[in-house]
Amino acid sequence: FQSNPLTLPRSVDFFKQNFWFYYIVEYFIQVNMVDDPVESFYEVSLETALTFLFIGIMLILNRSLYVFIQAATAFLFCENVVAIFVVPVIVWLTTTDDALSYYTFAALALWQYALIAYLIQRILSINLVASLVLSFLYFMVTYGGAFALAQVI
């Protein structure tokens, strides 16, 4: 919560590495929850596309599309850091159904929400309340939208 995502170097290679790590980990999580690899593929693909679309629209409205690579890399990197901790919790949650695993998962979800809100606040130079609202919208659009679109397909 101290770094500025806009100071990231404009590295397409780092972006690609984060993208592939993100895609593979999200696919693993989806397959673990849904048990249908084809449906998981569609949902993760939609989720990724909606993530990039959300970031793009957010930057277009802010007239700062030139920082798309840095912003998208920061989003993916934060998602990846949280995912490193989420994967074992998801496995723990699905195998034991322990209450502590649900609390841990909720704490990690809140951490991810806070990280995305921080990124939005720093990228758009807006106040905390606005970044929290946009972060909530981000999660609704990406995860909720991907789920809804996957159900239609």
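Structural data are supplied above this passage.
Residues numbered from 1 in each chain as written. Predicted model: local features only at pLDDT ≥ 70, side-chain atom pairs only at ≥ 80, totals over all residues. Heavy atoms only, no water.

Let us now look at the layout of surface pockets. Looking at the largest pocket, its volume works out to about 380 Å³. In terms of lining, the largest pocket is formed by 21 residues, of which the most central are E26, I29, M33, F105 and Y143. Contributions of two or more residues to the lining of the largest pocket are made by α1 (12-34), α2 (37-61), α3 (68-96), α4 (99-124) and α5 (128-152). The class makeup of the residues in the lining of the largest pocket is 13 nonpolar, three polar and five charged. By volume, the second largest pocket is sized at about 260 Å³. Lining the second largest pocket we find 15 residues, and of these S3, P5, F77, C78 and L119 sit closest to its centre. Among the secondary structure elements, those contributing two or more residues to the lining of the second largest pocket are α3 and α4. For the lining of the second largest pocket, the leading source of residues is α3, giving four residues. The residue makeup of the lining of the second largest pocket, split by class, is ten nonpolar, five polar and no charged. (1 Å grid on protein atoms, 1.4 Å probe; cavity = no way out; pocket = protein on both sides within 12 Å on 5 of 7 lines; lining within 4 Å. Points joined across faces, edges and corners; volume = space filled by probe spheres on them. Helix = DSSP H or I, 4+ residues; strand = E, 2+ residues; numbered from the N terminus. Nonpolar A, V, L, I, M, F, W, Y, C, P; charged D, E, K, R; others polar.)

Further remarks concern the packing of α1 against α3. Viewed as axis vectors pointing N to C, α1 and α3 meet at an angle of 30°, and their least axial separation amounts to 9 Å. Compared by their axis directions, α1 and α3 come out roughly parallel. In this structure, α1 meets α3 at a crossing whose hand is left-handed. (Axes fitted to C-alpha atoms, helices over the stretch in contact; angles between N-to-C directions. Parallel < 35°, antiparallel > 145°, perpendicular 65-115°, else oblique. Left-handed = near helix turned anticlockwise from the far one by under 90°.)

Along the chain, N80 turns up in helix α3. Residue classification places N80 among the buried residues on the basis of a relative accessible area of 5%. When neighbours within four sequence positions are excluded, N80 is seen to be in contact with N18, F21 and Y22. (Buried < 20%, exposed > 50% of the residue type's maximum accessible area, 1.4 Å probe, protein only. Contact = heavy atoms within 4.5 Å.)

The end-to-end C-alpha distance of α3 is 41 Å, a good match for the 42 Å that 29 residues give at a rise of 1.5 Å each. In the structure, α3 departs most strongly from a straight axis at I84, where the bend amounts to approximately 35° and where the proline P88 lies between one and four residues downstream. Positive backbone phi, at 60°, marks D97, one or two positions downstream of α3. (Expected span 1.5 Å × (residues − 1). Bend = angle between axes of the 7 residues up to and from the residue.)

A few words now on the environment of A71. Along the chain, the position of A71 falls in helix α3. Sequence-distant contacts of A71, that is, excluding residues within four places in its chain, are made with I55, L59 and I123.

Next up on the list: the nonpolar core. Membership of the largest hydrophobic core comes to 35 residues, with the highest contact counts inside it found for L59 and F75. Secondary structure elements with two or more residues in this core: α1, α2, α3, α4 and α5. Excluding residues within four positions of it along the chain, L59 makes contact with S64, L65, V67, F68, A71, I123 and L124. (Core = buried A, V, L, I, M, F, W, Y, C linked by side-chain atoms within 4.5 Å.)

Attention shifts here to the packing of aromatic side chains. The description of two aromatic rings rests on the distance between their centres and on the angle between their planes. Evaluated as defined, the whole model comprises 15 aromatic pairs. An angle of 70° between the planes, with centres 6.4 Å apart, marks the rings of W20 and Y23 as edge-to-face. Placement of the pair is W20 and Y23 together in helix α1, with a separation of three residues, close to one helical turn. For Y23, a relative accessible area of 13% corresponds to the buried category. Every member of this aromatic cluster is reached through a ring pair, and the members are F15, F19, W20, Y23, F41, Y42, F52 and F68. (Phe/Tyr/Trp six-rings, centres within 6.5 Å; stacked < 30°, edge-to-face > 60°.)

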